[in-house]
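Breakdown of the fold
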Amino acid sequence: MKSKLAILLWATSSDAPHLCAAPFMYAASAAAMDAEVEIHFAGKSVELLIHGVASKICTSEEEVRPIYSFMQDAAGAGVKFFACSHSVAAHLRGQGDFIPEYSGIAGAASFVARVLDPDWTVLSF
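Report on the accompanying structure. All chains use their own residue numbering, which begins from 1 and follows the written sequence. Where local features are concerned, this predicted model is filtered to residues with pLDDT of at least 70; where side-chain atom pairs are given and counted, the filter is 80 or more; whole-chain, interface and lining totals use all residues. Think of the side-chain values as coming from all heavy atoms in the structure, minus any hydrogens and water.

Re the sheet that holds strand β4 (residues 102–105)
Adjacent strands of a sheet pair through backbone hydrogen bonds, lying either parallel or antiparallel. Here, any two strands with at least 2 DSSP bridges between them count as paired. A run of DSSP states H or I qualifies as a helix once it reaches four residues; a run of E qualifies as a strand once it reaches two. Both are numbered from the N-terminal end. Strand order in the open sheet made by the 5 strands is β4-β3-β2-β1-β5, with parallel pairing throughout. The sheet is open, and its two borders are formed by β4 and β5 (120–124), each paired with just one other strand. Here the average twist between neighbouring strands, direction ignored, is 25°. Pairing of strand β1 (residues 4–9) with strand β2 (residues 36–41), which is carried by 6 bridges, proceeds in the parallel orientation. Opposite Ala6, over in β2, you have Glu38 as the bridge partner. Where helices are involved, their axes are fitted lines through C-alpha atoms of the stretch in contact, as for all axes, and angles between N-to-C directions lie from 0 to 180°.

Comments concerning the state of the cysteines
Disulfides are defined in this document as cysteine sulfur pairs within 2.5 Å. One pass over the structure, following the stated rule, counts 0 disulfides. Here Cys58 stays unpaired: no disulfide links it, and the sulfur of Cys20, its closest cysteine neighbor, is 10 Å away. Looking at Cys84, it has no disulfide partner, and the nearest cysteine sulfur is the one in Cys20, 17 Å off. For each residue, the accessible area found with a 1.4 Å probe, counting protein chains only, is set against the maximum for its type, and the residue is called buried under 20%, exposed over 50%, and partly exposed in between. Overall, Cys84 belongs to the buried group, its relative accessible area being 13%.

Describing the side chain of Ser69
With respect to the helices, strands and loops of the structure, Ser69 is situated in helix α2 (residues 67–76). For Ser69, a relative accessible area of 16% corresponds to the buried category. A 3.5 Å cut-off defines polar contacts: any pair of N or O atoms within that distance qualifies, except that in protein one atom must be a possible hydrogen donor and the other a possible acceptor, and neighbouring residues in sequence count only when both atoms are side-chain atoms. In terms of polar contacts, Ser69 uses its side chain to reach the side chain of Arg65, at 2.9 Å.

Here we look at helix α1 (residues 21–32)
Here a helix's expected span is defined as the number of its residues, less one, multiplied by 1.5 Å. With 12 residues, α1 ought to run about 16 Å at 1.5 Å a step, and its terminal C-alpha atoms sit 17 Å apart, in line with that. Here α1 has its buried residues at Ala21, Pro23, Phe24, Ala27, Ala28, Ala30 and Ala31. Phi for Asp34, located one or two positions after α1, is positive at around 70°.

Below, the structure written as structure tokens:
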């Protein structure tokens, strides 16, 4: 069984909060199974890494837990959060007040390396 999981967030963003919790739940579950887990934020999903953004949105009007809570669960389980450098430049335009769980920059080549590596499994949201 593979023990490494890379998750790409591309369609997930503050504009589509109903899509935001699942990736972090899958990531936390995999980490709880002792998998090494990375989440790569691309496109507008990088906004979730800015302090205050994910703490203000929930998956629905009925949900009381903010998305940031799901992110904290994943990070607490050991999941690493990486932002695409191009997406940071395109969508954040100088905002650099990242959440403490942010692990750093990992561009497209870093994620593609995970896709091509037979030791890694990949999910995309």
